[in-house]
Amino acid sequence: MRRKTVIDPGTATQHELRGAELKARVGAFVRSRVIPLEGVLDAGGPAAAAALTGLRGQAREEGLWALPLPAELGGGGLSFAAYAALAEAEGASDHGPAALGSAPLLDVTMLARHGTPRVREEYLERLVSGEMRTCYAMTEPDVPGTDPFSTATRAERLADGGWRVTGRKWFTSGAAGAGLVTVLARTGGAAGDREGLSLLLAPTSSPGFRVVRELPVLGAAGQYEIALDRVRVPADHLLGEPGSALAIAGERLLLGRTLRCLRWLGQAQRAFDLMCERAATRSGSRGPLADHQLVQQHVFDALLALRTTRPLVHEAVGLIAAGQDARTEVGLAKVAAARMLQQVTDSAIQVHGAAGLGPDTPLPGLFRTGRAARILDGPDELHITAVARRVLRDHGAGRVTPG
């Protein structure tokens, strides 16, 4: 018989108050410090680096640095469930996670769980402090991103136990300036085999590593194509066991997709607030926009999309935090949140008219994020097919789908 965990109401209230206070402080930091600098941060270069350094210093001073990262490594020590409550506020700007130090959460989690003692010792504190950045290289040109078994990048075992990696990757976020790249490579078998894929940590300072070009996504920077030409990787820079890449990557993808859904909710809320402000303050010859029924329709539909998507995302959060199978819930949340961000931002642009297309609001960037979200991190079609197959398989076996 399962025991119930008894929680003292006073303690629960204190946790809720602290969570609400942190969320308010994070939201205020993003609105007052990060968002005003978005133009500089988007442009990149030395000015962006200086601005980001300044923001990180302010986040540390205000006790908001690296909130979801382990306390023993210099982070805030929040659990994933506690962090999820404020991730929307932090993610209202694409630059929020980097400015507040939570951006390396995926890499820190992966290295802490699957890295060797040397990897954990050498990299984890540097990642949490912001001294070092990493990137994750999985997809390849001319290879369907939904089919990792076709990975062409290969890693050959050397006599000393190390590896030599050769291949090309693209749509690798933040490759420029990263000190370490996690590479999906074939260490055994032939292309198409379900076995033999491994994850290796390649130092970007190694001879043979090269950033080929930047890949603007609908005009926005941040994605890169990289080449690895016989890049030497130490033996203890293999994550997990040889051939265990897909299990580790699957774990990372579930957490990463859920984090992005939370941030998309924050960005959609930002677009919704801009739309409501525009409707309330803009008037034409026929009166305030807020009095127009078609504008009211946009507001209603956007609010409905937000309110119906948020529970899906937090259901996935709850399952991941409890260590349960969340594949169906994450698939539902990812498709719903990507569509919702695009829909809400589209409505906000429509209500703004021509002003919504120009540089004076963040709406073009938010819309671009929503459109790209339906392809990057797994296209809608991948998640729809995977979820439907799983549900139908369970139904055929007599298992009831939760919810």
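For the structure, see preceding data.
What counts and how
Numbers given for residues are sequential positions, taken from 1 along each chain in its written order. Totals for whole chains, interfaces and linings use all residues, but because this is a predicted model, local features are given only for residues with pLDDT of at least 70 and pairs of side-chain atoms are given and counted only at 80 or more. No hydrogens and no water enter the side-chain calculation; it runs on all heavy atoms of the structure. What counts as a helix is a DSSP run of H or I of at least four residues, what counts as a strand is a run of E of at least two, and both are numbered from the N terminus. C-alpha atoms define the radius of gyration, and 2.2 Å times the number of residues to the power 0.38 defines the globule rule. Burial classification: accessible surface area is computed with a 1.4 Å probe over protein chains only, and a residue below 20% of its type maximum counts as buried, one above 50% as exposed, and the rest as partly exposed. Here, two residues are considered to be in contact whenever any of their heavy atoms come within 4.5 Å of each other. For every accessible area listed, the method is Shrake-Rupley and the probe measures 1.4 Å; residues are considered covered only by the protein chains on display. His is not counted here, nor are the chain ends, while Lys and Arg score as positive and Asp and Glu score as negative. One atom stands in for each charge, and that atom is NZ of Lys, CZ of Arg, CG of Asp or CD of Glu. Take the buried Ala, Val, Leu, Ile, Met, Phe, Trp, Tyr and Cys residues and link them wherever side-chain atoms come within 4.5 Å; each set so joined is a nonpolar core. Pairing between strands is defined by DSSP: at least two bridges between the two strands are required. What goes into a patch is any residue over 30% in relative accessible area without a salt bridge, connected to like charges within 9 Å or, for nonpolar side chains (Val, Leu, Ile, Met, Phe, Trp, Tyr), within 5 Å. Throughout this description, the term salt bridge denotes a Lys or Arg side-chain nitrogen within 4 Å of a carboxyl oxygen of Asp or Glu. Centres within 6.5 Å make a pair out of two Phe, Tyr or Trp rings, where for Trp the six-membered ring is used; the pair is then stacked when the planes are under 30 degrees apart, edge-to-face when over 60, and tilted otherwise. Throughout this description, the term charge over a ring refers to an Arg CZ or Lys NZ atom that lies within 6 Å of the ring centre and within 35 degrees of the ring normal. Geometry is summarised by axes, namely lines fitted to C-alpha atoms with helices restricted to the contacting stretch, and by angles between N-to-C directions that run from 0 to 180 degrees. Oblique is the label for every angle not falling under 35 degrees (roughly parallel), over 145 degrees (roughly antiparallel), or within 65 to 115 degrees (roughly perpendicular). The handedness criterion is simple: a crossing whose near helix is rotated anticlockwise from the far helix by less than a right angle is left-handed, and one whose near helix is rotated clockwise is right-handed. Each helix should span, by expectation, one fewer than its residue count multiplied by 1.5 Å. Two N or O atoms form a polar contact when they lie within 3.5 Å of each other; inside protein one atom must be a possible hydrogen donor and the other a possible acceptor, and for residues adjacent in sequence the pair counts only when both atoms belong to side chains.

## A look at the overall build of the protein chain
- Looking only at helices and strands, the protein chain features twelve helices and ten strands.
- For 403 residues, the compact-globule estimate of 2.2 N^0.38 gives 22 Å, and the C-alpha radius of gyration of the protein chain, at 22 Å, lies within 12% of that figure.
- Principal axes of the C-alpha set define a box for the protein chain whose edges measure 80 × 60 × 45 Å.
- For the protein chain, the residues scored as buried account for 45% of the 403 residues in total.
- When contacts within the protein chain are restricted to residue pairs at least 6 apart in sequence, those whose partners lie at least 24 apart make up 70%.
- As displayed, the protein chain has an accessible area near 20,000 Å², and 55% of this comes from carbon and sulfur atoms.
- If you average the places of the 46 positive and of the 42 negative side-chain charges in the protein chain, the two averages end up 2 Å apart.

## Quick look at the side chain of Ser206
- Secondary-structure assignment places Ser206 in the loop between strand 5 (197-203) and strand 6 (209-214).
- By relative accessible area, which is 13% here, Ser206 ends up buried.
- For Ser206, the residues in contact, after removing those within four places along its chain, are Val231 and Arg232.

## Re the nonpolar core
- In this structure, Val26, Leu111, Leu199 and Val344 are the most contacted members of the largest nonpolar core, which totals 78 residues.
- In terms of residue count, the dominant contributor to this core is helix 8 (residues 245-281) (14 residues).
- In contact with Leu199, other than residues within four places in its own chain, are Met110, Tyr136, Thr182, Val183, Leu184, His237, Leu238, Leu239, Ala245, Ile248 and Ala249.
- Grouped together as the second largest cluster of nonpolar side chains are 19 residues, Ala185, Phe209, Ile226 and Leu228 included.

## Concerning the pairing of strand 2 (residues 154-157)
- The pairing of strand 2 with strand 3 (residues 163-173) spans four bridges and is classified as antiparallel. The residue of strand 3 that forms the bridge with Arg154 is Thr166.

## Regarding a nonpolar patch on the surface
- Together, Phe171, Ile375 and Leu376 make up an exposed nonpolar region whose accessible area comes to about 240 Å².
- Counting through the fold element by element, Ile375 comes out in the loop between helix 11 (363-373) and helix 12 (380-396).

## Quick look at the packing of aromatic side chains
- Summed over all chains, the structure comprises one aromatic pair.
- A ring pair is formed by Trp170 and Phe171, whose centres lie 4.9 Å apart and whose planes are at 65 degrees; its orientation type is edge-to-face.
- When its relative accessible area of 33% is taken as the criterion, Phe171 is described as partly exposed.
- The residue whose ring lies beneath Arg60 is Trp65, and the NZ or CZ to ring-centre distance is 3.9 Å.
- The ring of Tyr136 carries Arg252 above its face, with NZ or CZ at 3.9 Å from the centroid.

## Looking at unusual backbone geometry
- A positive phi angle, close to 50 degrees, is found at Phe171, a residue other than glycine.
- Structurally, Phe171 is set in strand 3.
- Despite not being glycine, Asp377 has its phi angle at roughly 65 degrees, a positive value.

## Thoughts on the packing of helix 8 against helix 11
- Two elements in contact, helix 8 and helix 11, have axes separated by 11 Å at closest approach and are oriented at 140 degrees. It follows from the interaxial angle that helix 8 and helix 11 lie oblique. Two packed elements cross with a definite hand, and for helix 8 against helix 11 that hand is left-handed. Facing Trp264, Gln267, Arg270, Ala271 and Leu274 of helix 8, the residues of helix 11 in contact are Leu363, Leu366, Thr369 and Ala373.

## Quick notes on the pairing of strand 4 (residues 180-186)
- The buried fraction of strand 4 is high, at seven of seven residues.
- Going residue by residue along strand 4, you find Leu180, Thr182, Leu184 and Arg186 tucked away on one face and Val181, Val183 and Ala185 tucked away on the opposite face as well.
- Relative to strand 4, strand 1 (residues 134-137) is paired through four bridges, and the arrangement is parallel. Paired with Ala137 across the two strands is Val183, which belongs to strand 4.
- Note that strand 4 and strand 5 share seven bridges and pair antiparallel. Each bridged residue has a counterpart across the sheet, and for Leu184 the counterpart in strand 5 is Leu199.

## Concerning helix 10 (residues 327-352)
- When the terminal C-alpha atoms of helix 10 are compared, their 38 Å separation across 26 residues agrees well with the 38 Å that a helix rising 1.5 Å per residue should span.
- The buried fraction of helix 10 amounts to 20 of the 26 residues, a majority that puts the element mostly inside the structure.
- Downstream of helix 10 by a residue or two, Gly353 has a phi angle that is positive, lying close to 70 degrees.

## Some thoughts on the side chain of Thr361
- One can find Thr361 in the loop between helix 10 and helix 11.
- Thr361 sits in the buried class, given a relative accessible area of 17%.
- Of the polar contacts made by the side chain of Thr361, one reaches the backbone nitrogen of Leu363; its length is 3.2 Å.
- Discounting chain neighbours no more than four positions away, the residues touching Thr361 are His352, Ala355 and Gly356.

On their own, these measurements won't tell you what the molecule is for.
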